[in-house]
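What follows is each chain in one-letter form.
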Amino acid sequence: MPPRRIIIDTDPGQDDAVAILLALASPELEVLGITAVAGNVPLALTARNARIVCELAGRADIPVFAGCDRPLERRLVTAEHVHGKTGLDGIALPEPAMELQPAHAVDFIVETLRREPAGTVTLVPIGPLTNIAAAFRTAPDIIPRVAEVVLMGGAYFEVGNITPAAEFNIYVDPEAADAVFRAGVPLVVMPLDVTHRALTSAAWLDALRGLGTRVGAAVASWCDFFERFDKAKYGGEGAPLHDPCTVAYLLRPQLFSGRHVNVVIETQGAFTTGMTVADWWRVSGRPANAHFIGSVDRVGYFSLLTERLARL
Ligand code: BDR
Ligand code: CA
């Protein structure tokens, strides 16, 4: 089987960084490009961090593009309180030597989808959906050419993390999320319902350190860093490793299960802006537009991560 071709749209973010590493370590996937978006930290930092991660993986050949520096219609909300000032706090890594590509991320997404055969490029958004919505808005002809969108965002049973009602990626740009969920593309959603079960553990961090590699040390130190915030917030053994769930789904879909349901995005709520209203119990009569994941095999997920990260 030829590798599945993907574009990772991201706001690194330590968990984004692990998702990128997992993809770069996996021969089943060909990363056509990485598109940075403003989210966890401002765009200049997410575009920098994406290149740091490529260089850490020894993949300075991966083209990295900077995209939108703010949501479609709102001011940017960031999450330094979780990810630190740089977005990638935890270990000191060298400034990237590789250059950003001159093209805008949105143009790269549009041109790639127009150039490649229809149905062969999968989008993997793991930050706010601004770049993806902007691409769909600029070039609606690309929408039917997308193989699948596999995104991290939203919640139903877990409801919210940045507000009581909303998950961060959707909350930052709800108008963009609304556009993507209405677009009619095949959509797989990794919500907090799943990622709050994908908790790191001391044993896993030890195993990473035991690899004796730069990648193992970096991932362990990133997890140590954001665990401090998440453990204080949620209690429990470890911290949710959100974004790599998307890449793990592409590699091992059998680790996950969910339901094909209708999901709409609240853009007008007094208290609920950014809420993903998922019709899990199928009571609305609205047509299904997303495969909404509900559970993960945690042991399988973390052993996949260890096995793949060990290759870098
Ligand atoms: C999402 O928000 C970000 O902080 C993480 O990188 C992840 O994409 C979780 O709500
Ligand atoms: Ca992210």
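The written sequence of each chain sets the order in which its residues are numbered from 1. Chain labels run from A onward and ligand labels from 1 onward, assigned in the order the entries are written. Where totals are concerned, whole chains, interfaces and linings use all residues; where local detail is concerned, this predicted model gives features only for residues with pLDDT of at least 70, and gives and counts side-chain atom pairs only at 80 or more. For the side-chain quantities, the full set of heavy atoms in the structure was used; hydrogens and water were omitted.

## Points about the packing of aromatic side chains
And then number 1: The rule is short: rings of Phe, Tyr and Trp, with Trp giving its six-membered ring, pair when the centres are within 6.5 Å, and they are stacked under 30 degrees, edge-to-face over 60, tilted in between. Throughout the structure, instances matching the rule amount to eight aromatic pairs.
And then number 2: Aromatic side chains Phe 157 and Trp 281 sit 6.2 Å apart centroid to centroid with 85° between the ring planes, which places their arrangement in the edge-to-face category. Remark: Trp 281 occurs in the loop between β9 (276–278) and β10 (290–296) and Phe 157 occurs in the loop between β5 (146–152) and α6 (168–172); sequence separation between them is 124 residues.
And then number 3: Each residue is placed in one exposure class: buried if its accessible area under a 1.4 Å probe, protein chains only, is under 20% of its type's maximum, exposed if it is over 50%, and partly exposed if it falls in between. On the basis of relative accessibility, which here comes to 47%, the residue Phe 157 falls in the partly exposed class.
And then number 4: By relative accessible area, Trp 281 is classed as exposed at 52%.
And then number 5: In this structure an aromatic cluster arises from ring pairing among Tyr 156, Phe 157, Trp 280, Trp 281 and Phe 292. For helices the rule is a DSSP run of H or I covering at least 4 residues; for strands it is a run of E covering at least 2, with both sets numbered from the N terminus onward.

## Things to note about the site of ligand 1
And then number 1: Every residue lining ligand 1 is accounted for by Asp 15, Asp 16, Asn 40, His 83, Ile 126, Met 152, Asn 161, Glu 167, Phe 168, Asn 169, His 242 and Asp 243.
And then number 2: In protein, a polar contact means a hydrogen-donor-capable atom and an acceptor-capable atom, both N or O and within 3.5 Å, with residues adjacent in sequence counting only if both atoms are side-chain atoms; elsewhere, any N or O pair within 3.5 Å suffices. In this structure, an oxygen atom belonging to ligand 1 sits 2.6 Å away from a side-chain N or O atom of Asp 15.
And then number 3: Within the side chain of His 83, one N or O atom sits 2.8 Å away from an oxygen atom of ligand 1.
And then number 4: Note that accessible areas follow from Shrake-Rupley with a 1.4 Å probe, and for residues the cover is restricted to the protein chains shown. Coverage of ligand 1 by the protein amounts to 96% of the 280 Å² it exposes when considered alone.
And then number 5: Across the shell around ligand 1, the residue classes tally to three nonpolar, five polar and four charged. Being near a molecule or strand, for a residue, comes down to having at least one heavy atom within 4 Å of it. Residues are grouped as follows: Ala, Val, Leu, Ile, Met, Phe, Trp, Tyr, Cys and Pro are nonpolar; Asp, Glu, Lys and Arg are charged; all remaining types, including Gly, are polar.

## Details of the pattern of salt bridges
And then number 1: In what follows, salt bridge is the name for a side-chain nitrogen of Lys or Arg lying within 4 Å of a carboxyl oxygen of Asp or Glu. For the structure shown, the criterion picks out 17 salt bridges.
And then number 2: Note that Glu 73 is salt-bridged to Arg 137, the shortest N-O span being 3.9 Å. With Glu 73 in the loop between β3 (64–66) and α3 (80–83) and Arg 137 in helix α5 (residues 130–138), this residue pair connects regions lying 64 residues apart in the sequence.
And then number 3: For Arg 137, a relative accessible area of 55% gives the class exposed.
And then number 4: Close ionic contact of Glu 307 with Arg 311 constitutes a salt bridge, the shortest N to O distance being 2.5 Å.
And then number 5: For Glu 307, a relative accessible area of 35% translates into the label partly exposed.
And then number 6: The exposure class of Arg 311 is partly exposed, given its relative accessible area of 45%.
And then number 7: Salt bridges linked by common partners bring Arg 5, Glu 30, Arg 115 and Glu 116 together as one network.

## Describing the coordination of the calcium ion (ligand 2)
And then number 1: Surrounding the calcium ion (ligand 2) are the protein donor atoms Asp 11 (OD), Asp 16 (OD), Asp 16 (OD), Ile 126 (O) and Asp 243 (OD), which sit 2.2 to 2.5 Å from the metal.
And then number 2: A 2.8 Å cut-off from the metal defines N, O and S donors, relaxed to 3.2 Å for Na, K and Ca; water is not in the atom list, so some sites may appear incomplete. All donor residues of the calcium ion (ligand 2) come from one chain, and their arrangement in sequence is D-x4-D-x109-I-x116-D.
And then number 3: Relative accessible area serves as the criterion here: at 0%, Asp 11 is assigned to the buried category.

## A look at the sheet that holds β10
And then number 1: Read across the open sheet, the eight strands follow the order β3-β2-β1-β4-β5-β6-β10-β7; overall the sheet is mixed. Each having just a single partner strand, β3 and β7 (256–261) make up the two edges of the open sheet. Each adjacent strand pair in this sheet contributes to an overall mean axis angle of 25°, direction not counted.
And then number 2: The pairing of strand β2 (residues 29–36) with β3 spans three bridges and is parallel. Across the sheet, residue Thr 35 finds its bridge partner in β3, namely Phe 65.
And then number 3: The contact criterion used is simple: two residues touch if any of their non-hydrogen atoms lie within 4.5 Å. The angle between two axes is taken between their N-to-C directions and runs from 0 to 180 degrees, where each axis is a line fitted to C-alpha atoms and a helix contributes only its stretch in contact. Against the sheet, helix α1 (residues 14–24) makes contact with β1 (4–10) and β2, and its axis sits at roughly 165° relative to β1, the strand it touches most.
And then number 4: Taken strand by strand, α5 contacts β1, β2, β4 (121–125) and β5, and its axis lies near 140° from that of β4. Two strands form a pair only when DSSP identifies at least two bridges running between them.

## Considering unusual backbone geometry
And then number 1: With an omega of -5°, the peptide bond between Pro 12 and Gly 13 qualifies as cis.
And then number 2: Counting through the fold element by element, Gly 13 comes out in the loop between β1 and α1.
And then number 3: Of note, Val 159 is a non-glycine position whose phi angle comes to about 60°, a positive value.
And then number 4: One can find Val 159 in the loop between β5 and α6.

## Things to note about the nonpolar core
The nonpolar side chains of soluble globular proteins are, as a tendency, buried together.
And then number 1: Counting 66 residues, the largest nonpolar core has Trp 204, Val 219, Trp 222, Phe 256 and Tyr 301 as its most contacted members.
And then number 2: When residues in this core are grouped by element, the largest group, eight residues, is from α1.
And then number 3: Not counting residues up to four positions away in its chain, the partners in contact with Val 219 are Val 18, Leu 21, Trp 204, Leu 208 and Leu 309.
And then number 4: We define a nonpolar core as any set of buried Ala, Val, Leu, Ile, Met, Phe, Trp, Tyr and Cys residues linked to one another through side-chain atoms lying within 4.5 Å. Core analysis: the next-biggest nonpolar cluster, separate from the first, contains 39 residues, Ala 134, Ile 143, Ala 176 and Val 261 among them.

## Quick look at the environment of Arg 145
And then number 1: Residue placement: Arg 145 occurs in the loop between α5 and β5.
And then number 2: Arg 145 gets classed as partly exposed once you look at its relative accessible area, which sits at 24%.
And then number 3: Residues Arg 145 and Ile 265 lie 120 residues apart in sequence; the distance between their C-alpha atoms is 23 Å.
And then number 4: Apart from the residues lying within four places of it in its own chain, the contact partners of Arg 145 are Leu 113, Arg 114, Glu 116, Pro 117, Ala 118, Gly 119 and Thr 120.
And then number 5: A distance of 2.7 Å separates a polar side-chain atom of Arg 145 from the backbone oxygen of Leu 113.

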